[in-house]
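# Descriptive analysis of the structure
The residues making up each chain are set out below.
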Amino acid sequence: MAPRKTERILNLTICLLVTRTFLPKSRIREIVDGYHDLSDQAFERTFERDKEELRKLGIPLQVGSYDPLFDDEPGYRIERSAFELPPIELDAEEAAVVGVAARSWQHTAVAESTRSALAKLRAAGIEPDAGRLASLEPSVSANEPAFEPLWHAVLDRARVSFTYRGGETRTLEPWGMTSNKGRWYVIGYDTARKATRMFKLSRIPDTPRRVSKEAAYDVPADLDLRSLARSLAPDEPRASAIIAIRPGRAPGLRRHGRGLPAERLEQLTHAWPQGFDVVEVPYADAGYLCEEVVGYAADAVVLEPAELRVAVIDQLRTVAATRSVSRRYAATVGSAEEAVR
Amino acid sequence: MTEGQKSPGQKSAGQTAQAQMRRLLSLVPYLRKHDGAAIADVAEAFGVSPQRIREDLNVLWMCGLPGLSPGDLIDIDMDAVDGEGVIHLSNADYLTRPLRLAADEALALILALRTLRGVTATEDREAIDRALTKLESVAGERSNRFGGQAEVAVTGGREDLRATVTDALRRGKRLELTYDVASRAETTHRFVDPLRVFVLEGFGYLDAWCYLANGLRSFRLDRIASIRVTDTDVAEHHVELRDVSLGWFDALKDAPLVTLALDRSATWVAEYYPMESVTPADDGGLTVTTRVSDPAWLRGLLLRLGGGARVLSPEGAGDSAADAASEALDQYAALAG
């Protein structure tokens, strides 16, 4: 916005805010600086664009009849009660957490939204003093290229179309977005599949395009993103594995499991290394558990089920085969180094 | 992840047209409340440069009531602005309150508070809940909808544990930790002086001076198995804490580079870990280069990926994974035998 345009929009805002009656376009053209010198056509165009700017700023424009006798030309005004931030007071602790939280967003556009929200609170007399909580530093990042277009689409309720997992084109009415473990997901109504779907933003390689106007659909009034995300996410554990773990090792695995009672230990077919703890670990996805166990190498031994044990041994064989030089040679080098020391 | 790094060409704070218009509408009521405020302080309060505030003032004093005769214009004492660098603004009685929160502003702030909530406990958490309720109420009916339209989950460990960390930070006391080191897959026991709690990419961390490592370490809150506040006061540590806005990249900048060939099945790795470069390969996989500060991390990754990743350089960097796999196989063989 050139300075002149910013001035015009601000003057228009003030004019519509102070007027007691609805002002017709013709009157606005006369009294708001910046409209006088425009041709009829240019004025129409400019005025339409300016109204759009007001709307984007969140300034509520009322349209009504300015003259009860001649109601053929619409008039405009801004109702003060709809324009102004309602009274809000935050105590020192509340203001401090708001001040700290406001630094969170790393994404440029959303950081800008936070900055202007905080400016409004300051203008309403709130003094966020983040210094009180100097040892807290939250951050929210959104590095996925699809984030910004989807964020705006959610806010505007605009239908979007995008490529998913490098193949199919999907069309979605985005209801909301969630972030879990630093990854963003969008949830909405997939119009082609006629079902609620969740998409991971990092799997959307292109920039989602808008394929509708704003306010194109309704978001379910009882939308509960958290439970939707849970229901659309990978399954709850349905099976369990029995794994022997070296003491003090594989804490992630150990924490998800529980110790096995003595009578069940006796029933196990496979032996386990002496001193290892035997735990039962619930899992939903055998492939994922296999990867995790292989990651712990000799610190975790699968005892049951047989399929998992076989899968783990297979994967260990694959990795063992990746050695760049033969083990025998490496062992010689290793012991030679030991000897030198 | 590569696309997401901050580029120097990014627009600086408050530069867009919409941002300026929003700022002007807040600046007027703010300046009416803070008559004689220094430009530098106003700039800081609004999170922009002093130059940006000067530009704003140049717009504001061209605006006012319709007619724009001298008596209608917003009055700004430009001599004071240019002289002492303070702002006196008057004749703008119609802008006493800021504009209501727009949907994007309300949602951004609500999510930021929910993020902070994930690493706080007790009093701070209660203050966050009160602030959230108040903000949601002034943002109006519309924001009840918006507040529900996005969600951020932070993995920040148990609340009692967070309360202990907060307590130690407040009182400046040393902590005793039992901590799971993921890359080494082992549990450790140590004393630390807490310095800061931060959130990065969905996880909460404690930055502390660690007496076991004798250096600054970041501990993921959900991997702290147990924690206790000691009676010992923290010592003074002259350390520079990581700039959270730079993400993990900065922490790894001096670590050696490793180049991997990822199969199609393993391409998720490029999304999950910071990569220096990512190049598509002919077979649908990727060639990636990443910084590895801890060989144990690379070993664990290669094991997990099975044959899905091969080390291209430096030669032999993947051998410890192969050896660990052989050792595990020997163990299975011995148990069967």
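Remember, predicted model here, so these are calculated numbers, not experimental data.

Rules used throughout
- Residues numbered from 1 in each chain as written.
- Chains lettered and ligands numbered in written order.
- Predicted model: local features only at pLDDT ≥ 70, side-chain atom pairs only at ≥ 80, totals over all residues.
- Domains from an automatic or database assignment.
- Pairing = 2+ DSSP bridges.
- Helix = DSSP H or I, 4+ residues; strand = E, 2+ residues; numbered from the N terminus.
- Axes fitted to C-alpha atoms, helices over the stretch in contact; angles between N-to-C directions.
- Contact = placed C-beta atoms within 7 Å.
- Nonpolar A, V, L, I, M, F, W, Y, C, P; charged D, E, K, R; others polar.
- Expected span 1.5 Å × (residues − 1).
- Bend = angle between axes of the 7 residues up to and from the residue.
- Buried ≥ 20, exposed ≤ 12 C-beta atoms within 10 Å, placed from the backbone.
- Core = buried A, V, L, I, M, F, W, Y, C linked by C-beta atoms within 7 Å.
- Parallel < 35°, antiparallel > 145°, perpendicular 65-115°, else oblique.
- Left-handed = near helix turned anticlockwise from the far one by under 90°.

### Some words on the domain arrangement of chain A
Here chain A is partitioned into domain 1 (3–83), domain 2 (92–133), domain 3 (147–232) and domain 4 (239–320). Taking the mean C-alpha position of each, domain 2 of chain A and domain 4 of chain A sit 48 Å from one another.

### Some details on the sheet that holds strand E14 (residues 309–313) of chain B
Residues and elements named next belong to chain B. Across the sheet, 4 strands lie side by side as E12-E13-E11-E14; this open sheet has antiparallel pairing. Here the strands that pair on one side only, and so sit at the sheet edges, are strand E12 (277–280) and E14. Averaged over all pairs of adjacent strands, the angle between their axes in this sheet comes to 25 degrees, without regard to strand direction.

### Comments concerning the interface of chain A and chain B
Contacts between the two partners involve 103 residues from chain A, matched on the other side by 106 residues from chain B. Here the side of chain A that touches chain B gets 12 residues from one element, more than from any other, and that element is helix H6 (residues 108–123) of chain A. Partitioned by chemical class, the residues of the side of chain A that touches chain B number 54 nonpolar, 28 polar and 21 charged. Direction of pairing for strand E6 (residues 169–180) of chain A relative to strand E5 (residues 150–153) of chain B: parallel, over a ladder of 4 bridges. Bridging across to E5(B), Met177(A) finds its partner in Ala150(B).

### Section: helix H1 (residues 17–33) of chain B
The periodicity of an α-helix, 3.6 residues per turn, causes residues three or four positions apart to be oriented the same way. Residues and elements named next belong to chain B. Taking 1.5 Å per residue, 17 residues should reach 24 Å; H1 reaches 25 Å between its end C-alpha atoms and fits that length. Most pronounced at Leu27, the bend in H1 amounts to some 25 degrees, and the proline Pro29 follows within four residues. Most of H1 sits out of view: 13 of its 17 residues are buried.

### Digging into the nonpolar core
Ranked by size, the top nonpolar core spans 119 residues in total, and within it Val97(A), Leu150(A), Ala112(B) and Leu113(B) carry the most contacts. The leading source of residues in this core is helix H5 (residues 103–117) of chain B, at 9 residues. Leave out the neighbours within four places in its chain, and Val97(A) touches Leu133(A), Leu113(B), Leu116(B), Asp124(B), Ala127(B), Ile128(B) and Ala131(B).

### Remarks on the domain arrangement of chain B
If you check the domain split of chain B, you get domain 1 (17–90), domain 2 (103–147), domain 3 (159–243) and domain 4 (250–334). Each of domain 2 of chain B and domain 4 of chain B was reduced to a C-alpha centroid, and the two centroids are 41 Å apart.

### Notes on the pairing of strand E3 (residues 74–77) of chain A
All names here are of chain A. Sheet topology places strand E1 (residues 23–24) next to E3; 2 bridges connect them, and they run antiparallel. Each residue of the ladder has a partner; that of Leu23, found in E3, is Tyr76. With 4 bridges joining them, strand E2 (residues 62–65) and E3 adopt antiparallel strand pairing. Pairing of Gln62 across the sheet is with Arg77, part of E3.

### Examining the packing of H6(A) against H1(B)
Between two packed helices, the angle of one axis relative to the other and the distance separating the axes together describe the packing. Put simply, H6(A) and H1(B) touch, their axes get as near as 8 Å, and they point 15 degrees apart. Of the possible angle classes, the one that applies to H6(A) and H1(B) is roughly parallel. In this structure, the crossing between H6(A) and H1(B) has a hand that is left-handed. For the pair formed by H6(A) and H1(B), the contact residues are Glu112(A), Ser116(A), Ala119(A), Lys120(A), Arg122(A) and Ala123(A) on the first element and Ala19(B), Arg22(B), Arg23(B), Ser26(B), Pro29(B) and Tyr30(B) on the second. Of the residues that constitute the contact of H6(A) with H1(B), the class distribution is 5 nonpolar, 2 polar and 5 charged.

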